[in-house]
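Observations on chain architecture
The chain contents come next:
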Amino acid sequence: MAISQTVEVLPSVKTIVDRLRLWKLFRKEAESDAIEALSNAISSNLALRTSSCDIYFPSETKSDDKQKAMLFIPGLCVDHTAYASIASRMASEGNIIVAVLSLEPFRLADEHFVDLKELRKCMQTVRNLWNDRNGSKNSSLDWSIGGHSYGAYAAMRLAPDLATYLKKSAIDKIKTVMWAAGNREEFMTDLSQRDDIDAIVLLGSNDSICSLNEDSKRYLQSCLPCYTCLEYINGANHDNFASYHCQSDTIQISRLEQQKQVSRKTIAFLFDHSYHP
């Protein structure tokens, strides 16, 4: 490799090293409700752990030709098992396949670790398993993408690539789901000119990590597509979108209640059920 090429690589190496330090300090492990939810779903044949993702299946197989499926990206340093409770809820209540990406061992969702190639790998795994479950050779899946916290910014970054890729499958619009994200300008991707992406942003009123003032809210809205739902969940905090130890925020509603509301609102958005924030 030429010296000039080596110099160009160095900033990327430094970025990775800096984020690995964060990984060591801020790893967040799943709590018992999520571990139990994953175990129960697997024993009921409604979930499967693979090397690329945990897949949560609906309890009923749809008879029409488009089964909804969502790729979901965990937050920074969060064990993907922590999303088992809410993922299994969305699968059962919304009749959605939910694939929670495994970011082990580093649990980082930036471009060095999660790109369209990784998404396609997970999508193929889901498609193969779904074909086996419903006896089809070529199931047609209606894909969306989502994420929590830093994972939501990754979903925002990857949505254009995914939308372009899926146009080959006659999917004209990609739904993008963002939980507890939107106040970090440096992580955002401008989707404002994309007519092939719709988005929803769900925020907690008690979220001290993702707290938007008027300026940051305007900037967020300037980066989002025309059709975007932005809603606060009263009493919700940052961590209880998943199931890991709540470190800083005041809790005004239970984790279960927060996840019920998040699941219901996300499902309504994905199905266009007259969603009104």
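Everything discussed here concerns the structure shown above.
These remarks concern the structure in this document.

Definitions and limits used
Residues numbered from 1 in each chain as written. Predicted model: local features only at pLDDT ≥ 70, side-chain atom pairs only at ≥ 80, totals over all residues. Heavy atoms only, no water. Helix = DSSP H or I, 4+ residues; strand = E, 2+ residues; numbered from the N terminus. Buried < 20%, exposed > 50% of the residue type's maximum accessible area, 1.4 Å probe, protein only. Areas by Shrake-Rupley, 256 points an atom, 1.4 Å probe, with all protein chains shown as cover. Pairing = 2+ DSSP bridges. Right-handed = clockwise from strand over helix to strand, strands pointing away. Core = buried A, V, L, I, M, F, W, Y, C linked by side-chain atoms within 4.5 Å. Axes fitted to C-alpha atoms, helices over the stretch in contact; angles between N-to-C directions. Contact = heavy atoms within 4.5 Å. Arc of directions from axis to C-beta. Salt bridge = Lys/Arg side-chain N within 4 Å of Asp/Glu carboxyl O. Phe/Tyr/Trp six-rings, centres within 6.5 Å; stacked < 30°, edge-to-face > 60°.

Concerning the overall build of the protein chain
The helix and strand tally for the protein chain stands at 7 helices and 8 strands. When burial is assessed residue by residue, the protein chain has 51% of its 277 residues classed as buried. Roughly 13100 Å² of accessible area belongs to the protein chain as shown, and the carbon and sulfur atoms make up 50% of that amount.

Notes on the pairing of strand S8 (residues 228-233)
Because side chains alternate across S8, one face comprises the buried residues Cys 229, Glu 231 and Ile 233, and the other comprises Thr 228, Leu 230 and Tyr 232, none of which is buried. Bridging between strand S7 (residues 197-204) and S8 involves 6 bridges; their strand directions are parallel. Bridge assignment links Gly 204 to a residue of S8, and that residue is Ile 233. Since S7 and S8 lie parallel, the crossover through helix H6 (residues 214-223) that links them has a hand, and here it is right-handed.

Brief notes about the nonpolar core
Residues Leu 71, Ile 73, Leu 119, Val 126, Trp 143, Ile 145 and Leu 162 are the most contacted members of the largest nonpolar core, which totals 47 residues. It is helix H5 (residues 150-166) that contributes the most residues to this core, 12 residues altogether. If you look at the next biggest cluster of nonpolar residues, it comprises 36 residues, including Ala 87, Met 90, Trp 179 and Tyr 244.

As for the sheet that holds S8
With mixed pairing, 8 strands are arranged side by side in an open sheet as S1-S2-S4-S3-S5-S6-S7-S8. With partners counted over all chains shown, the strands left at the sheet margins are strand S1 (47-49) and S8, one partner each. Taken over all neighbouring pairs, the strand axes of this sheet differ in orientation by 15° on average, direction set aside. Where helix H4 (residues 116-134) meets the sheet, it contacts S1, strand S2 (53-56), strand S3 (67-73), strand S4 (97-101) and strand S5 (141-148), and its direction lies at approximately 130° from that of S5. Here H5 sits on the sheet in contact with S3, S5, strand S6 (174-179) and S7, set at roughly 155° to S5.

So, H6
What H6 keeps buried is the set Ser 216, Leu 220 and Cys 223. What you see down the axis of H6 is that its buried residues fit within an arc of 65°, all on one side. Along H6, exposed side chains directed more than 90 degrees from the buried face belong to Glu 214 and Asp 215. If you follow the buried residues of H6, they end up packed against H5, S7 and S8.

A look at the pattern of salt bridges
One pass over the full model with this rule turns up 13 salt bridges. Asp 215 is the partner of Arg 218 in a salt bridge, and the nearest nitrogen-oxygen pair spans 2.5 Å. Taken together, the residues Arg 218 and Asp 215, both in helix H6 and 3 residues apart, mark about one turn of the helix. Within this structure, Glu 31, Asp 33 and Arg 255 form a network of salt bridges that share partners.

Some thoughts on the pairing of S4
In the case of a regular strand, side chains alternate between the two sheet surfaces. Taken across its 5 residues, S4 has 5 buried, putting it largely inside the fold. Of the two faces of S4, both are covered, the one formed by Ile 97, Ala 99 and Leu 101 as well as the one formed by Val 98 and Val 100. Summarising the sheet, S2 and S4 pair through 4 bridges and their orientation is antiparallel. Its bridge partner lying in S4, Ile 55 is registered against Ala 99.

Observations regarding the packing of aromatic side chains
The full count for this structure, using the stated rule, is 6 aromatic pairs. Between the aromatic rings of Phe 57 and Trp 130, the centroid separation amounts to 6.1 Å while the plane-to-plane angle is 15°, which identifies the pairing as stacked. Of the two residues, Phe 57 sits in the loop between S2 and S3 while Trp 130 sits in helix H4, which places them 73 residues apart along the sequence. In this structure, Phe 57 and Trp 130 share a single accessibility class: buried. With a centroid separation of 5.3 Å and 55° between ring planes, the pair formed by Phe 72 and Tyr 83 is classed as tilted.

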